[in-house]
Amino acid sequence: MGLAVPLGVAVIGGLWRRIREVALADVAVLLRGVDASVVEGIERVLLEADFGPVAYTLLEDLEQRLRRGELRTEEDVRRWLVNRVASMLGEPGGLERLNFGDGAGPAVFLLVGVNGVGKTTVAAKLAHLLLQRGRSVLLAATDTYRAAAAEQLAIWARRLSVPCVTGQAGGDPAAVAFNAIDAAVAQGIDTIVVDTAGRLHTRSDLVEELKKVRRVVGRKRAGAPHETLLVVDATTGQNSVVQAATFTEAVSVTGMIVTKLDGTAKGGSVVAVRNQLGLPIRFLGVGERVQDLEPFAPERFAEQLVGA
Ligand SMILES: Nc1nc2c(ncn2[C@@H]2O[C@H](COP(=O)(O)OP(=O)(O)O)[C@@H](O)[C@H]2O)c(=O)[nH]1
Ligand SMILES: [Mg+2]
């Protein structure tokens with residue numbers, strides 16, 4: 001699957017350009033040894049790009065390498081940054097990395113995350129990608145609190161020509177997931193993508209609801225949910241890390257999808273979120289269209305983020 005626009009190049013790139021502007025005006029200074037004002041400049045650029053605490057890990061490593069004389073040219077420094085960022089980003093993502101279970105029944109993927117991060121859009125995007133790979137898909141809308149939430153998913157389902165299971169207003173979200181498995185089995189569908197609610201009256205309601213959905217799904221289908229994917233918004237920076245704690249506490253999250261990379265100049269949050277949560281990134285959301293989902297490629301992402 002090709003991407004129409006290369007991943008956020010124009011938007012997330014330019015880190016190296018910024019570092020040069022702010023900190024490397026006199027490259028010779030940096031390459032002669034550690035210079036406090038140059039290092040401070042780089043720190044500022046990394047924090048602006050939402051690297052968060054990861055910025056300090058990078059700076060420590062940079063200082064050590066400069067002291068040891070390992071970085072001799074400006075290009076050495078740029079390369080070092082690309083490589084360090086790539087290694088912090090972990091393994092590549094994509095459908096190949098997802099657990100589809102034993103094939104004796106449908107694979108169940110649960111999408112979790114706070115309101116507005118892009119879960120429902122991701123459900124559609126994931127369905128689109130799965131269909132392209134020859135799988136059959138059923139969408140399940142377990143947010144029974146907001147009628148609009150189920151309707152939004154149902155619209156995507158109609159566009160993609162896939163079935164969508166919804167519940168009654170105010171009904172039990174776990175029952176929707178239960179019915180979705182029955183429907184998928186009856187229709188011979190091999191993959192279920194379950195969209196969940198992002199916000200309830202209280203945080204403990206949300207946690208209990210997700211736990212119940214997980215429990216019910218697990219009893220109904222061996223090994224389910226096969227994936228629990230946390231959707232986070234790249235534009236919210238450190239907030240994503242805080243939000244994520246709620247979900248990792250409630251359900252054992254198996255991977256992340258980072259959205260809205262087309263709308264941020266702060267791609268450093270991807271590095272921060274990966275590093276602080278230690279969860280593998282599977283996909284990136286790069287727009288509002290159904291085809292705007294990219295399998296995560298750490299080297300490519302690092303190269304584009306740093307730029308030339
Ligand atoms: N620019 C951009 N917008 C996105 C992306 N993903 C979702 N959105 C938009 O973000 C808004 C919230 O998305 P939605 O899927 O409803 O979020 P949910 O509340 O988590 O289900 C919608 O307007 C989406 O079109 C993305 O990758 N890029
Ligand atoms: Mg939604």
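In case you missed it, the structure is sitting above this.
As the structure is a prediction and not an experimental result, all values here were calculated from the model. (Residues numbered from 1 in each chain as written. Chains lettered and ligands numbered in written order. Predicted model: local features only at pLDDT ≥ 70, side-chain atom pairs only at ≥ 80, totals over all residues.)

(A) Representation of the overall build of the protein chain in the model. Looking only at helices and strands, the protein chain features 13 helices and eight strands. Against the 2.2 N^0.38 benchmark of 19 Å for 308 residues, the protein chain shows a C-alpha radius of gyration of 21 Å, consistent with a compact globule. Oriented by its inertia axes, the alpha-carbon framework of the protein chain measures out at about 70 × 40 × 35 Å. Counting across all 308 residues of the protein chain, residues that qualify as buried make up 48%. Contacts in the protein chain between residues far apart in sequence, at least 24 positions, make up 77% of those at least 6 positions apart. (Helix = DSSP H or I, 4+ residues; strand = E, 2+ residues; numbered from the N terminus. Rg over C-alpha atoms; globule rule 2.2 N^0.38 Å. Buried ≥ 20, exposed ≤ 12 C-beta atoms within 10 Å, placed from the backbone. Contact = placed C-beta atoms within 7 Å.)

(B) Geometry of the site of ligand 1. Taken together, 18 residues are adjacent to ligand 1, and Gly 118, Lys 119, Thr 120, Thr 121 and Gly 285 come closest. For the shell around ligand 1, the leading source of residues is helix α7 (residues 119–132), giving three residues. Residue composition of the shell around ligand 1, by class: two nonpolar, eleven polar and five charged. (Near = placed C-beta within 6 Å. Nonpolar A, V, L, I, M, F, W, Y, C, P; charged D, E, K, R; others polar.)

(C) Highlighting unusual backbone geometry. Residue Pro 225 follows Ala 224 across a cis peptide bond; omega there is -5 degrees. Examined against the element boundaries, Pro 225 turns out to sit in the loop between α10 (203–220) and β5 (227–233). In the Ramachandran plot, Ser 161 falls in the positive-phi region, its phi being about 55 degrees despite a non-glycine side chain. Tracing the chain through its elements places Ser 161 in the loop between α8 (147–160) and β3 (164–166).

(D) View of the packing of helix α4 (residues 36–48) against helix α5 (residues 54–67). Relative orientation of the contacting elements α4 and α5 amounts to 150 degrees, with a least axis distance of 10 Å. Relative to α5, the element α4 is oriented roughly antiparallel. Read as a crossing pair, α4 and α5 show a hand that is right-handed. Touching Val 39, Ile 42, Glu 43, Leu 46 and Leu 47 of α4 are Ala 55, Leu 58, Leu 59 and Glu 63, all from α5. Within the contact of α4 with α5, the residues separate by chemical class into seven nonpolar, no polar and two charged. (Axes fitted to C-alpha atoms, helices over the stretch in contact; angles between N-to-C directions. Parallel < 35°, antiparallel > 145°, perpendicular 65-115°, else oblique. Left-handed = near helix turned anticlockwise from the far one by under 90°.)

(E) Representation of the environment of Gly 237 in the model. Looking at where Gly 237 falls in the secondary structure, it is placed in the loop between β5 and α11 (238–250). Between the alpha carbons of Gly 237 and Ala 180 there is a distance of 34 Å; along the sequence they are 57 residues apart. Excluding residues that lie within four positions of it along the chain, Gly 237 makes contacts with Asp 50, Gly 52, Lys 266 and Ser 269.

(F) Layout of the pairing of strand β7 (residues 281–285). Burial analysis of β7 places five of its five residues in the buried class, the great majority of the element. Examined bridge by bridge, strand β6 (residues 255–259) and β7 share three bridges and lie parallel to one another. Across the sheet, Val 258 pairs through a bridge with Leu 284, a residue of β7. (Pairing = 2+ DSSP bridges.)

(G) Representation of the sheet that holds β5 within the structure. Read from one edge of the open sheet, eight strands run β3-β2-β4-β1-β5-β6-β7-β8, paired in mixed fashion. Among the strands making up the open sheet, the edge pair consists of β3 and β8 (293–295). Each neighbouring strand pair of the sheet contributes to a mean axis angle of 25 degrees, computed without reference to strand direction. In this structure, strand β1 (residues 107–112) lies alongside strand β4 (residues 191–195), joined through five bridges in parallel fashion. Residue Phe 109 lies in a different strand from β4, and its bridge partner there is Val 193.

(H) Looking closely at the environment of Glu 299. With respect to the secondary-structure elements, Glu 299 resides in helix α13 (residues 298–306). On a C-alpha basis, the gap between Glu 299 and Ala 86 in space is 5.1 Å, while along the polypeptide they are 213 residues apart.

(I) Layout of the packing of α10 against α11. Contact pair α10 / α11: the axes reach a minimum separation of 9 Å and the direction vectors enclose 40 degrees. Viewed along their axes, α10 and α11 adopt a mutual orientation that is oblique. Where α10 crosses over α11, the two elements pack in a sense that is right-handed. On α11, the residues touching Arg 203, Val 207, Leu 210 and Lys 211 of α10 are Thr 246, Glu 249 and Ala 250.

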